Amino acid sequence: MTARIGVVTFPGSLDDRDTQRAIRLAGAEPVALWHKDKDLKQVDAVVLPGGFSYGDYLRAGAISRFSPVMETLIGQAKAGLPVLGICNGFQVLTEAHLLPGGMLGNDHLHFVCREQKLRVENAQTAWTSDYRAGQEIRIPLKNMDGRYVADQYTLDKLEAEGRVVFRYLDHNPNGSLNDIAGITNEAGNVVGLMPHPEHAVEPLIGTGRTDGLPFFTSILKKLVNA
C-alpha cells in the first residue's frame, strides 16, 4: 500500500508543487490539500510548504494558522500524525503552537537566498531517520523572516531534550538563536525547519545535490514500517 502524504496549499504558497514532486520521487503519493478544507483526505502525513501565505500580512504564518485545514491538522498532529513545516510552514507551526518559539525578520533585514550548510543534530524524528546524527548537509535556504527566537527556558529545554534537529554551520544566515535551523516537538512527529529540502532532491536541478531527499524517504520508511 502506497503511503499518502498531504501537501497544504495556502494563498501565497510557492513550493507546494516542488514538495509534491519530492514526495513522488521518494516513492510516496502526494495528495493536494486546500487550506479551506477541513478534510485531510485520510493522508498518512502532512507537509506545510514554503512561500508567503497571505502575503505574510500581520506576521509570517499568523493568518494561515487559522485556516480551516489547520483546525483538523492541529488535533491530528497532537495525536501523532507526522507533520513537516518548511520555511513558511515552520512559521505556521510556531503560530499554531505545535512547535515552541517564533520567527522574526532576519537580523540583517534582507531576504536571503543561498545554499546553506547544516548539521543534523537529531536523526530520530519521523522525518530525519535516513540521516545520521552529526552529518553535514547542504540544502537551499530562502527567507525574509527566518530568525528563530525563544525565551531562555525554551532554548534550554530544546537543547537538553535533543529537540534541535538542524543547526546552521559556518554562517548563521538570519540571526537564529543558538544557530537553530530546525526543531521538533517532544514526540518527534512534528518537525519544522527554515531551509528547503524539496529543492535538493534531484542531481540535475538547483544545486545538483540530493541532501534533502532523506526527509521524504525517512517518513516513507516510518509509514511503511508502522
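See the structure shown above.
Residues numbered from 1 in each chain as written. Predicted model: local features only at pLDDT ≥ 70, side-chain atom pairs only at ≥ 80, totals over all residues. Heavy atoms only, no water.

Moving on, we get to the overall build of the protein. Across its full length, the protein carries five helices and eleven strands. Over its C-alpha trace the protein gives a radius of gyration of 16 Å, about what one expects of a compact globule, namely 17 Å for 226 residues. Viewed in the frame of its principal axes, the protein has a C-alpha envelope of about 45 × 35 × 35 Å. Burial status across the protein gives 56% buried among its 226 residues. Considering only contacts within the protein whose residues lie at least 6 apart along the sequence, 73% involve residues at least 24 apart. Roughly 9,700 Å² of accessible area belongs to the protein as shown, and the carbon and sulfur atoms make up 50% of that amount. The centroid of the 23 positive side-chain charges in the protein is displaced by 2 Å from the centroid of its 26 negative side-chain charges. (Helix = DSSP H or I, 4+ residues; strand = E, 2+ residues; numbered from the N terminus. Rg over C-alpha atoms; globule rule 2.2 N^0.38 Å. Buried < 20%, exposed > 50% of the residue type's maximum accessible area, 1.4 Å probe, protein only. Contact = heavy atoms within 4.5 Å. Areas by Shrake-Rupley, 256 points an atom, 1.4 Å probe, with all protein chains shown as cover. Lys, Arg positive; Asp, Glu negative; His and termini not counted. Charge placed at Lys NZ, Arg CZ, Asp CG, Glu CD.)

So, about the pairing of strand β11 (residues 190-193). Residues Val190 and Gly192 line one face of β11 and the alternating positions Val191 and Leu193 line the opposite face, and both faces are buried. Pairing of strand β4 (residues 83-86) with β11 involves four bridges; the strand directions are parallel. When the sheet's bridge partners are listed, valine 83 is paired in β11 with valine 190. Turn length for the strand β10 (residues 180-184)-β11 hairpin, with the two strands adjacent in sequence and antiparallel, is five residues, and the turn residue glycine 188 shows positive phi of about 85°. (Pairing = 2+ DSSP bridges.)

Taken in spatial order, the nine strands line up as β2-β1-β3-β4-β11-β10-β9-β6-β7 in an open sheet, and their pairing is mixed. Two strands lie at the open edges of the sheet, namely β2 (29-34) and β7 (136-143), each paired on one side alone. Within this sheet the neighbouring strands show an average axis-to-axis angle of 25°, counted without direction. One ladder, built from three bridges, connects strand β9 (residues 164-168) with β10; its direction is antiparallel. Each bridged residue has a counterpart across the sheet, and for phenylalanine 166 the counterpart in β10 is glycine 182. Across the sheet, helix α1 (residues 16-26) touches β1 (4-9), β2 and β3 (45-48), and the angle it forms with β1 is around 175°. (Axes fitted to C-alpha atoms, helices over the stretch in contact; angles between N-to-C directions.)

All right, on to the pairing of β2 then. Sheet topology places β1 next to β2; six bridges connect them, and they run parallel. Among the inter-strand pairings, arginine 4 is bridged to a residue of β2, identified as glutamate 29.

Here we come to the packing of aromatic side chains. Tallying each qualifying case throughout the model produces four aromatic pairs. With a centroid separation of 5.6 Å and 75° between ring planes, the pair formed by tyrosine 131 and phenylalanine 215 is classed as edge-to-face. Of this pair, tyrosine 131 sits in the loop between β6 (112-120) and β7 while phenylalanine 215 sits in helix α5 (residues 213-225), and the two are 84 residues apart along the sequence. Accessibility assignment for this pair places tyrosine 131 and phenylalanine 215 in one class, buried. In this structure an aromatic cluster arises from ring pairing among Tyr131, Phe166 and Phe215. (Phe/Tyr/Trp six-rings, centres within 6.5 Å; stacked < 30°, edge-to-face > 60°.)

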